[in-house]
Amino acid sequence: MERETISVTVNGRAYERQVEPRRLLSDFLRDDLRLTGTHVGCEHGVCGACTVMMDGVTARSCLTFAVMADGAEIETIEGLGSVDAMHPVQRAFWEKHGLQCGFCTPGMLMTAVELLERNSDPSVDDIRDAISGNLCRCTGYQTIVDSIRYAAHLMREDGA
Amino acid sequence: MYVGQAILRREDERFLRGRGHYVEDITLDEPIAHAAFVRSPHAHAAVTRVDTARAVGMPGVLAVLTGADWTAAGYGEAEGVWPVKDMSGADARTVNRPFICTDGVVRCVGEIVAMVVAEDRHQAQDAAEAIAVDYEEKPANTITARALDPDTPLVHPAHGTNEVLVTEHGLKEETEAALARAHHVTEVVVPTNRVTAASIEPRCYMGHHDTVNDRYTVWTTNQAPHIVRRYFTKSLGIPEHKLRVIAPDVGGGFGMKLYHYPEEPLVLWGAIVSRRPVRWVGTRSECLLGDTHARDHHTVGRMAFDEEGRILGVKFETLGAFGAYESQWNASITNAYHFTMLSLAYDIPAIHTTVRGVYTNATPVDAYRGAGRPETIYQVERLIENGAHEMGIDPLELRARNLIPAEKFPYQTAIGIIYDSGDPPALMEKARALCDYDALRAEQAALRAEGRWMGIGMVAFFDMAGAGPVKMMNDLGAKIGCYDVASVRVHPDGRITVFAGSHSHGQGHETTWSQIAADRLGCDIDHIDLVEGDTDRVPMGIGTWGSRSLSTAGMAVYTAADRVVAKAKRMAAHMLECAAEDLDLADGEFTVKGTDRKLSFAEVANASYHSGDRPADLEIGLEETSFFDPADCTYPSAVHVCVVLVDPETCAVTLRDYWAVDDVGTVINPMVLHGQVHGGLVQGIGQALMEECAYDPESGQYLAGTFMDYAIPHAEDVPSFGLDSHFTRALGNPLGAKGAGESGTIGAPGCVANGVIDALWHLGVRQITQPMTPKKIWRAIEDAGRAQQ
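Everything numeric in this text was worked out from a predicted model, so none of it was measured. (Residues numbered from 1 in each chain as written. Chains lettered and ligands numbered in written order. Predicted model: local features only at pLDDT ≥ 70, side-chain atom pairs only at ≥ 80, totals over all residues.)

Asks: Please give an account of the overall build of chain A that cites residues and values.
Replies: Within chain A, the secondary structure is distributed over five helices and five strands. Secondary structure elements of chain A occur, N-terminal to C-terminal, as β-β-α-β-β-β-α-α-α-α. Against the 2.2 N^0.38 benchmark of 15 Å for 160 residues, chain A shows a C-alpha radius of gyration of 16 Å, consistent with a compact globule. For chain A, the proportion of its 160 residues judged to be buried stands at 55%. Considering only contacts within chain A whose residues lie at least 6 apart along the sequence, 62% involve residues at least 24 apart. (Helix = DSSP H or I, 4+ residues; strand = E, 2+ residues; numbered from the N terminus. Rg over C-alpha atoms; globule rule 2.2 N^0.38 Å. Buried ≥ 20, exposed ≤ 12 C-beta atoms within 10 Å, placed from the backbone. Contact = placed C-beta atoms within 7 Å.)

Structure (structure tokens):
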């Protein structure tokens, strides 16, 4: 199949790659760039495990073709936090037990980051609404809600 | 002491940073080829032609394999882990789930007919689509309740019946007598809906054959890698010493990832044939179709009460779904885990049950978080709920009258199982206080006066967790020994690696097993690492399922660590010139009691490996292994209460509140415990309100093949939970710990169902099958209204 050349910036690093037009962004990230933190749970856009940031808003990488990301800035779970310190959202999920098997976690974290960027003090209902497109089969969601509320607190403290 | 503390999880950082290591993430030195499968689109059909000619030459194709090739290669079939004989003593009419269709008949949608191995996933899928298969459709039945009807098509005509087995348990005459003399008898048809675990990580396998060294490796999304290794001796005939099975990070299992699924030997076969490592990653549709389904019991229950609402007896007749074939553990549900728990938390003098396992043209059924107990609890509790309403006794009060009092423990149920410890009345009183029960009833009455429908649901039950002991589980049908294993290896620098035969796929063993080991070894928890999920590194294991790991593998860690300490004390006593009994071990130091003479654990460890000056009969090294066979199962118990609101206009259910009071014995890590309960509750709530592996009854087509059709709860669908506890020690293991993994899942379906019925009882609604969707609720209200006219 014909390949097309795309240029994308992922976690601050520029890549130029040739991809088949049918290549999904999720496969491109996982297989071509070896960023396997982005997970694919349903490949039809429901479970949210594959959620990444594309030009500042969340996107389902399993429903996005890699060629659609040409010229885009993408952030994945691997770009969250620094080598020395986890992002407040990551710290909050750790402290509040917001994960068990870890499979939905990358998508859940990216969704939480997006929420907290536009709402620094979300209510429980705001949080449940925001993550309603991310499925988790382990936690029952309560500790995820707790984690995001706590992350908001940490981020307000950090910002203060 | 680390045990009992909410230690933050030591495994979390890699998951939070996207550095988890799941089967789909693994790379090898050689390029990995991919497998794709051709699956039956029919519920029942003869396969008259499989033409692979077009696929063979397609780009990137490395191998195209069919059932004829499997037969020609001389490979074997699956074997039941838990086969059960029926009442006549004959073996059950077992037809094991095939790996690939070899007999020219497919018996459920999704059965594998052919496999393609190609350079990449898309090429494999392209070639699979180019394989032409001709089918002649046969009549099919996917409905368990109809399986034994006279005109129902037979799934396996050679057996002449769809019945797999029939077993009876309990006290038949006493139960009939109780029903005959009862003041009141409640009867309810209580089918449980067919659901599936739907872990967010799809199943995924990778096989590799090292032809030079004649070694095989399989990476698998599995909960019990040593058991997988065992069943490769049956499927591909690979001896256990030649095969390494690795289950790395696994994204949720819930029992569903316990089996030697068809795709697992097929990818290794593909690797053998193509001389390339081969991986298959299930699509969501393949998983919703091919992952084992669960529950699907069709049960009629009758319960006898006296004038005071005391339960005199309970009788059940059940058709237990097998699906089209016997999956490896399914007979354990119908015949070990279902009937054993029929007494729940109640003092019931007579219980009798008849279970008929049946075949239908549907996906094989097997264990999913709870396995038999969600059905049992739901069914018994639905009878109690209706009985209470019919007799005009408050549902909580009627339950309280029937609970097993604390002084009756150990308590032998009428079905024969002995609950070692528990205090159901204490759980009930805590639940009553937690939910403020009287206020809830007052609120319900006030809302009903306004035309708003609120219901209060509750359940009180025991779980049977922690399988074995080996002998008891053998007697219940298990062909594998239900013990577990741990090695504690002290390195010469005093740091420790623990190897355990359990497998963590969300449970947090790296934290909890280390808590246990650190306490026994008197060391810092950060000096311990855990290895699980690798048959070449861990000596043996039976794996994680049935809320068993803490009371088997966890106790093996405990026991092996104690053996290490005993040996290290002998070495330390030699070095300190004292008796071993005179030594204390704490904070990484051996101290001679009453003195300031001490040695660090690391010094003793080093001497254990490198010093010639040691007791003559003390072997070099510091490593111990325990094969731990528990003295008993564990019997966790719980009382749940919930509040539901049913919208009179839309019939949508809002689950407003949910409280759970658990007795799981000694708690290792309360944070992890709460996580287990929360997650289990939501899976049970999903079963009650949303989830169904639906088939079209006419065509046998599967209707729940995507996450848009199979509805698992979202964050907006569930409340936050109120948890409390009342602990009694388990008697079968030294820590006094009981299982905690399934309590939520097994209690919630009955609790939520009772809440909905309680909300609608005044309208004449007596039973609604799960999932209780708005459409079914609307229908039930309409039917009840017509019946009352």
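From this point, the narrative continues.
Asks: Would you mind going over the environment of E137 of chain B in detail, with residue names and values included?
Replies: Residue and element names in this part refer to chain B. Residue position: E137 is located in strand β6 (residues 132-137). Overall, E137 belongs to the partly exposed group, with 13 C-beta atoms counted inside 10 Å. C-alpha separation for the pair E137 and D663, spaced 526 residues apart in sequence, amounts to 52 Å. Discounting residues that sit within four places of it in the chain, E137 has contacts with H42 and A45.

Asks: Tell me about the packing of helix α10 (residues 373-391) of chain B against helix α11 (residues 395-402) of chain B, residues and numbers included.
Replies: All names here are of chain B. In contact at an axis separation of 9 Å, α10 and α11 are set at 115 degrees when each is read in the N-to-C sense. The way α10 lies across α11 gives a crossing that is right-handed. Together, I384, E385 and A388 of α10 and P395, L398 and R399 of α11 make up the contact between the two elements. Here the contact of α10 with α11 is built from residues that sort into four nonpolar, no polar and two charged. (Axes fitted to C-alpha atoms, helices over the stretch in contact; angles between N-to-C directions. Left-handed = near helix turned anticlockwise from the far one by under 90°. Nonpolar A, V, L, I, M, F, W, Y, C, P; charged D, E, K, R; others polar.)

Asks: Account for the packing of helix α15 (residues 509-521) of chain B against helix α16 (residues 550-576) of chain B, with residues named and values stated.
Replies: Residue and element names in this part refer to chain B. Remark: α15 packs on α16, axes separated minimally by 9 Å, with the N-to-C direction vectors making an angle of 25 degrees. Classified by the angle between their axes, α15 and α16 sit roughly parallel to one another. At the point where α15 passes α16, the crossing takes the right-handed sense. The segment α15 lies against α16, with W513, I516, A517, R520 and L521 engaging G554, V557, Y558, A561, D562, V564 and V565. For the contact of α15 with α16, a count of residues per class yields nine nonpolar, one polar and two charged. (Parallel < 35°, antiparallel > 145°, perpendicular 65-115°, else oblique.)

Asks: Requested: an account of the interface of chain B and chain A, with residues and values cited.
Replies: Contact residues are listed per partner, giving 40 residues for chain B and 41 residues for chain A. Where the side of chain B that touches chain A is concerned, the elements lending two or more residues are α1 (12-16) and α18 (670-689) of chain B. For the side of chain B that touches chain A, the element with the highest residue contribution is α18 of chain B, accounting for six residues. Its residues placed into classes, the side of chain B that touches chain A shows 16 nonpolar, 15 polar and nine charged.

Asks: Residues and numbers for the domain arrangement of chain B, please.
Replies: Residue and element names in this part refer to chain B. Here chain B is described as being made up of domain 1 (12-138 + 198-290), domain 2 (417-466 + 632-789) and domain 3 (484-628). Put simply, the middle of domain 1 and the middle of domain 2, counted by C-alpha atoms, are 36 Å apart. Facing eight residues of domain 1, the contacting portion of domain 2 comprises nine residues. (Domains from an automatic or database assignment.)

Asks: Go over α11 of chain B, please, and point to the residues and values.
Replies: The set of residues buried in α11 of chain B consists of P395, L396, L398 and R399 of chain B. For α11 of chain B, the angular spread of the buried residues around the axis is 160 degrees, confining them to a single face. (Arc of directions from axis to C-beta.)

Asks: Could you give me a rundown of the sheet that holds strand β25 (residues 589-592) of chain B, with the residues and numbers involved?
Replies: Residues and elements named next belong to chain B. Here we have three strands laid out as an open sheet, ordered β24-β25-β26, and antiparallel in their pairing. Of all the strands in the sheet, the pair left with one neighbour each is β24 (583-586) and β26 (598-600). Ignoring which end each strand starts from, the neighbouring axes of this sheet average 20 degrees apart. Where β24 and β25 come together, four bridges link them in antiparallel fashion. From the neighbouring strand, D584 faces β25, where its bridge partner is T591. Contacts from α16 reach β24, β25 and β26 within the one sheet, and its direction differs from that of β24 by about 120 degrees. (Pairing = 2+ DSSP bridges.)

Asks: I'd like a rundown of the nonpolar core, residues and numbers included.
Replies: Residues and elements named next belong to chain B. Counting 298 residues, the largest nonpolar core has A35, V116, V498, A517, V557 and V752 as its most contacted members. Looking at which element gives the most residues to this core, the answer is α16, with 15 residues. Leaving out residues up to four positions away in the same chain, V116 has contacts with A35, A36, A55, V61, V64, A124, A127 and A128. (Core = buried A, V, L, I, M, F, W, Y, C linked by C-beta atoms within 7 Å.)

Asks: Provide a residue-level description of the sheet that holds strand β21 (residues 484-490) of chain B, including the pertinent values.
Replies: Residue and element names in this part refer to chain B. Pairing within the open sheet is mixed, and its four strands lie in the order β23-β22-β21-β27. Here the strands that pair on one side only, and so sit at the sheet edges, are β23 (528-531) and β27 (623-628). The average undirected angle you get between the axes of adjacent strands in this sheet is 15 degrees. Sitting on the sheet, α15 touches β21, β22 (496-500) and β23, and the angle it makes with β23 is about 130 degrees. Packed onto the sheet, α16 meets β21, β22 and β27 and runs at close to 35 degrees relative to β21.

Asks: A description of the domain arrangement of chain A should follow, citing residues and the corresponding values.
Replies: All names here are of chain A. Under the domain assignment used here, chain A contains domain 1 (4-79) and domain 2 (88-159). Averaged C-alpha coordinates put domain 1 and domain 2 at centres separated by 22 Å. Secondary-structure elements contributing two or more residues to the side of domain 1 that touches domain 2 are β3 (51-54) and β4 (57-60). The biggest single contributor to the side of domain 1 that touches domain 2 is β3, with three residues. Taken together, the residues that form the side of domain 1 that touches domain 2 break down as seven nonpolar, seven polar and no charged.

Asks: How would you sum up the pairing of strand β16 (residues 311-323) of chain B? Please name residues and give values.
Replies: Residue and element names in this part refer to chain B. Buried residues dominate β16, accounting for twelve of its 13 residues. Bridge count for strand β15 (residues 297-305) against β16 is nine bridges, and the pairing is antiparallel. Its bridge partner being in β16, H297 is matched across the sheet by G320. Count of turn residues in the β15/β16 antiparallel hairpin: five residues, of which G309 carries a positive phi of about 85 degrees. Here nine bridges tie β16 to strand β17 (residues 351-359), and the two strands are oriented parallel to one another. Bridge pairing in β17 links F316 to T353. Taking the sense of rotation as the criterion, the β-α-β connection linking β16, helix α9 (residues 330-337) and β17 turns out right-handed. (Right-handed = clockwise from strand over helix to strand, strands pointing away.)

Asks: Please set out unusual backbone geometry residue by residue, giving values where relevant.
Replies: Between F409 of chain B and the following residue, P410 of chain B, the backbone shows a cis peptide bond with an omega angle of 0 degrees. A cis amide bond, omega 20 degrees, links G468 of chain B with the succeeding residue P469 of chain B. Checked against the element boundaries, P469 of chain B lands in the loop between β20 (453-462) and α14 (470-475). Unusually for a residue other than glycine, R34 of chain A sits at a positive phi of about 60 degrees. Of note, R34 of chain A is situated in the loop between α1 (25-32) and β3. The class of R34 of chain A is exposed, set by 10 C-beta atoms lying within 10 Å.

Asks: Can you tell me about α18 of chain B, naming the residues and giving the values?
Replies: Between its terminal C-alpha atoms α18 of chain B stretches 28 Å, which fits the 28 Å expected from 20 residues at 1.5 Å a residue. Most of α18 of chain B is tucked away, with 18 of its 20 residues classed as buried. (Expected span 1.5 Å × (residues − 1).)

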